[in-house]
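# Examining the three-dimensional arrangement
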Amino acid sequence: MQSVKERILELKKQKNAVILAHNYTTPEVQDIADSVGDSLGLSQKAAATDADIIVFCGVSFMGETAKILSPKKKVLLPEPEAKCAMASMCSADQIRQAKQKYPDATVVAYVNTTAETKTAVDYCCTSANALNVVNQIPNNQILFVPDINLGRYVKEESGKDVILWSGFCPIHQCVTLRQVEELKKAHPDAEITAHPECRLEVLKVADFIGSTEAILKHCIASEKKEFIVLTESGMGHRLEAACPDKKFYFTNQSICTTMKMISLESVLDCLENETGEVILDDEVVKDAYTPVKRMTDILG
Ligand code: 13P
Ligand code: SF4
């Protein structure tokens, strides 16, 4: 009898599907994916693929971004109810109201927002390019949504008048300076790498700040043998596979439970029955495409 994994691989071929998985998904899911990466890398793969079906193993805003970039493709989410907590902290209506208060501000939205929210903003960005996007915008006043931590980091680094929103990622917000100091005490030779969704005081003690994929690349290139990794612990799988001779330390509670909802069984079910399709209004796709396209144009 075929295993779940074998059945997934067979169906993938039969249906000309591609499986994309975020760095926070479980090791089994990462291992059957065609590409594993960060939000930016996966959205670029989604835009470039010639597959008929994209199975997006990630939280729902990631599948929506794939649909915005590849509207003619069928995008399937193995777990459509797996949502990003931060993405629910900022709606299109709230942004429209804020624009009345800050009429001169350019609105930049982190990609961790719903498709609907993206329709109300000027530019989109990911953790890999937030600073670059903000720096390239001619306007000095930026309303940055929804992540207060990424917004603070961008404000500090760009020196621009960045108006902050009060959203956050519960996982990265829970990483405290004290925990980092304790980890550093236990592993004094370890380099500290951090995702920019962490609090500013945590970022200030980091040796390297970057997206999940940038953290991976940094750890591969670094001569150091030990790393404190201040992001979700799913990253451990790729880090350990890429650097078997290096050690990685995470804080205990760094688990994004919705990313972990995606299992091999749910991937098989969605491929077999074509369930969990991302359906977006044509108008939403059109309006949300503009800020995403502006981001990709800025990056050349
Ligand atoms: P990356 O784009 O860096 O992978 O981050 C996505 C995310 O949700 C981080 O919490
Ligand atoms: Fe959202 Fe945080 Fe999970 Fe990333 S780790 S998907 S920001 S809840």
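Quick caveat: nothing in here was measured; it's all calculated off a predicted structure. Along each chain, numbering runs from 1 in the same order as the chain's sequence is written. Key to labels: chains lettered from A, ligands numbered from 1, both in the order written. In keeping with the model being predicted, local features are shown solely for residues with a pLDDT of at least 70 and side-chain atom pairs are shown and tallied solely at 80 or more, while totals for entire chains, interfaces and linings include all residues. Values reported for side chains reflect all heavy atoms of the structure, with hydrogen atoms and water molecules removed beforehand.

### Here's the deal with the overall build of the chain
Each helix and strand counted, the chain has 15 helices and 12 strands in total. Expected size for 300 residues packed as a compact globule is a radius of gyration near 19 Å; at 19 Å, the chain falls within 12% of this value. With the C-alpha coordinates aligned to their principal axes, the bounding extent of the chain is approximately 60 × 50 × 30 Å. For the exposure calls, accessible area comes from a 1.4 Å probe over protein chains only, and a residue counts as buried if that area is under 20% of its type's maximum, exposed if over 50%, partly exposed in between. Buried residues in the chain amount to 55% of all 300 residues. Throughout, a contact is declared for two residues whenever any of their heavy atoms are within 4.5 Å. Here the contacts in the chain between residues at least 6 apart in sequence split such that 61% fall between residues at least 24 apart. Residue-level accessible areas treat just the shown protein chains as cover; the underlying method is Shrake-Rupley with a 1.4 Å probe. For the chain, the exposed area adds up to about 13,100 Å²; of that, 49% sits on carbon and sulfur atoms. For the chain, the centre of its 33 positive side-chain charges and the centre of its 42 negative side-chain charges are spaced 3 Å apart. Only DSSP runs of H or I covering at least 4 residues are called helices, and only runs of E covering at least 2 are called strands; the numbering of each starts at the N terminus. Note on method: radius of gyration uses C-alpha positions; expected globular size equals 2.2 Å times residues raised to 0.38. His residues and chain termini do not enter the charge count, which takes Lys and Arg as positive and Asp and Glu as negative. Charge positions are represented by NZ for Lys, CZ for Arg, CG for Asp and CD for Glu.

### Brief notes about the site of ligand 1
Proximity criterion: a residue is near a molecule or strand once any of its heavy atoms comes within 4 Å of it. In the vicinity of ligand 1, the residues found are His22, Tyr24, Asp38, Ser39, Tyr110, Asn112, Ser127, His172, His195, Glu197, Ser211 and Thr212. The term polar contact refers here to a pair of N or O atoms within 3.5 Å; inside protein, the definition further demands a hydrogen-donor-capable atom paired with an acceptor-capable atom, and it admits residues adjacent in sequence only when both atoms are side-chain atoms. Between an oxygen atom of ligand 1 and a side-chain N or O atom of His22, the distance comes to 2.6 Å. The contact in question runs from an oxygen atom of ligand 1 to an N or O atom on the side chain of Ser127, over 2.6 Å. Expressed as a share of its isolated accessible area of 300 Å², the protein-covered part of ligand 1 is 96%. Ten residue types, Ala, Val, Leu, Ile, Met, Phe, Trp, Tyr, Cys and Pro, are classed as nonpolar, four, Asp, Glu, Lys and Arg, as charged, and the remainder, Gly among them, as polar. In the shell around ligand 1, the residues fall into two nonpolar, eight polar and two charged.

### Some words on the state of the cysteines
Sulfur atoms of two cysteines make up a disulfide when they are within 2.5 Å. Counted according to the given criterion, the structure contains zero disulfides. For the unlinked cysteine Cys125, the closest cysteine sulfur is that of Cys124, found at 6.3 Å.

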